[in-house]
Amino acid sequence: MSEMKIAVLGAAGRMGQALTRVLVETPGCAVAAGIETKGSPHVGRDLGELAGLAPLGIAVTDDPLPVFAHVDGVLDFTTPAATVAFAGLSAQARIVHVIGTTGLAAADEAKIEAAARHATIVKAGNMSQGVNLLAALASRVAAALGPEFDIEILEMHHRHKRDAPSGTSLLLGRAVADARSVTLAERGVRTRDGDIGPRREGDIGFAALRGGDVVGEHRVIFAGPGERIELAHIATDRGIFARGAVKAALWARGRGPGLYAMTDVLGL
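Counting of residues starts from 1 at the beginning of each chain's written sequence and follows it residue by residue. It should be noted that, the model being predicted, local features are given only for residues of pLDDT at least 70 and side-chain atom pairs only at 80 or more, the latter also being counted only at that level, while totals for whole chains, interfaces and linings use all residues. Hydrogens and water are ignored here; the side-chain numbers use all heavy atoms of the structure.

Draft legend 1. Structural context of the packing of aromatic side chains. Under the pairing criterion, centres of Phe, Tyr and Trp rings, with the six-membered ring standing for Trp, must be within 6.5 Å; the plane angle then separates stacked pairs below 30 degrees from edge-to-face pairs above 60, leaving the rest tilted. Across all of its chains, the model carries two aromatic pairs by this definition. Plain terms: the ring middles of Phe68 and Phe86 are 5.8 Å apart, the flat faces sit at 15° to each other, and that makes the pair stacked. In this pair, Phe68 is assigned in helix α3 (residues 64-70) and Phe86 in helix α4 (residues 80-93), connecting sequence segments 18 residues apart. Phe86 shares its class with Phe68; the two are buried. Every helix listed is a DSSP run of H or I at least four residues long, and every strand listed is a run of E at least two residues long, numbered separately from the N terminus. Think of it in three bands: with a 1.4 Å probe and only protein chains considered, a residue is buried below 20% of the maximum accessible area for its type, exposed above 50%, and partly exposed in between.

And the structure:
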């Protein structure tokens, strides 16, 4: 099979640069394009140089239409509004669309699901193999322990992260909620301030820390009478998310339209 032609959306961002570097070193992939927003100072720059590599001879563009018409897939760690628009283009082009964007609202999710009727979309709050294994483990622990074990999810990210809880925290939260046959809408607690009274049995708590240049740390805590179980994942390199996204794109090539998750890609 020929190399998969892949475009990087949000090419100038931290994740966009990491995606370009991973694509260059991954067999079976060909870096086809880099897209940035209109007015970006990076439009016209060489995609390789932007990512700290040797020149690739590919100029970053702000016009997605010709790109989507000629690639096999796109990698998208942008913003909710951009991702929804890109999903529509992916549906028209019937290509692979890997989405690592977080902070999506319910209406955004609905539009992405609609696009997946024509595009092959892999979407995950976290593309790392380790995080998805953590979610699977947390689900098993939540199912095995009784309601006397309270569940808290703690995260820390760099000072520039905009959404909280993170997409990864919500992924972990949904995993433990499903294991206990509840929903986060019913049991998720995102803020605690003032005299809130005792903790309700069955709640799933979230706490978000922000500071410095932390790539990402997540901990699922099961606190019971006399003992506590903690499962943790610490990311030290954005390359793990980029490698997961590229793996997802290669896995999705040739598959029919639909909305897939990293658990599908990893066989979990």
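Draft legend 2. Quick peek at the pairing of strand β1 (residues 4-9). Across the six residues of β1, five count as buried, placing the element largely inside the fold. Pairing geometry for β1 and strand β2 (residues 29-35), over six bridges, is parallel. Bridge assignment links Val8 to a residue of β2, and that residue is Gly34. Handedness of the crossover is the feature at issue here: the chain leaves β1, passes through helix α1 (residues 14-25), returns alongside β2, and the resulting connection is right-handed. The pairing of β1 with strand β3 (residues 73-76) spans four bridges and is classified as parallel. Residue Val8 lies in a different strand from β3, and its bridge partner there is Leu75. At least two DSSP bridges between two strands are needed for those strands to be called paired. Looking down the strands as they point away from you, a crossover is right-handed if its path from the first strand over the helix to the second goes clockwise.

Draft legend 3. Structural view of the layout of surface pockets. Taken as a whole, the largest pocket holds about 1100 Å³ of empty space. Mapped by element, the contributors of at least two residues to the lining of the largest pocket are α1, α4, α7 (167-179), β9 (216-224) and β10 (227-235). For the lining of the largest pocket, the element with the most residues is α4, which contributes five residues. Residues of the lining of the largest pocket, tallied by class, amount to 15 nonpolar, 21 polar and nine charged. The rule is simple: put a 1 Å grid over the protein atoms alone, call a set of points where a 1.4 Å probe fits but cannot get out a cavity, call an open set with protein on both sides within 12 Å along at least five of seven lines a pocket, and count a residue as lining if it has an atom within 4 Å of a point. Grid points are joined across faces, edges and corners, and a volume is the space filled by probe spheres set on the points. Quantified by volume, the second largest pocket comes out at close to 650 Å³. For the second largest pocket, the lining is made up of 28 residues, of which Lys123, Gly125, Leu170, Leu171 and Arg174 are closest to its centre. Among the elements that make up the lining of the second largest pocket, the one with the highest residue count is α7 (six residues). Throughout this entry, Asp, Glu, Lys and Arg are counted as charged residues, while Ala, Val, Leu, Ile, Met, Phe, Trp, Tyr, Cys and Pro are counted as nonpolar. The remaining residues, Gly among them, count as polar.

Draft legend 4. Here's a closer look at the pattern of salt bridges. Only one rule defines a salt bridge in this text: a Lys or Arg side-chain nitrogen within 4 Å of an Asp or Glu carboxyl oxygen. Evaluated as defined, the whole model comprises 11 salt bridges. Arg199 is the salt-bridge partner of Asp150, the closest N and O atoms lying 3.3 Å from each other. Highlighted residues: Asp150 in strand β6 (residues 150-157) and Arg199 in the loop between β7 (188-189) and β8 (204-210), separated in sequence by 49 residues. Overall, the relative accessible area of 24% leaves Asp150 in the partly exposed class. As a salt-bridge pair, Arg192 and Glu152 come within 2.8 Å of each other at their nearest N and O atoms. Of this pair, Arg192 sits in the loop between β7 and β8 while Glu152 sits in strand β6; the two residues are 40 residues apart in sequence, bridging distant segments of the chain. Three or more residues joined by partner-sharing salt bridges are found here, namely Asp150, Glu152, Arg192 and Arg199.

Draft legend 5. Examining the packing of α1 against helix α9 (residues 239-252) more closely. Look at α1 against α9: their axes get within 9 Å of each other, and the N-to-C directions meet at 60°. Considering the angle they form, α1 stands oblique to α9. The chirality of how α1 crosses α9 is right-handed. Residues Met15, Ala18, Leu19, Val22 and Leu23 of α1 form the contact with α9, whose own contacting residues are Gly239, Phe241, Ala242, Arg243, Ala245 and Val246. Each axis is a line fitted through C-alpha atoms, taken for helices only over the stretch in contact, and angles between the N-to-C directions span 0 to 180 degrees. Convention used here: angles under 35 degrees read as roughly parallel, angles over 145 as roughly antiparallel, angles from 65 to 115 as roughly perpendicular, and any remaining angle as oblique. By convention the crossing between two helices is left-handed if the near helix lies anticlockwise of the far one by an angle smaller than a right angle, and right-handed if it lies clockwise. Only heavy atoms enter the contact rule, under which two residues are in contact if any of them lie within 4.5 Å.

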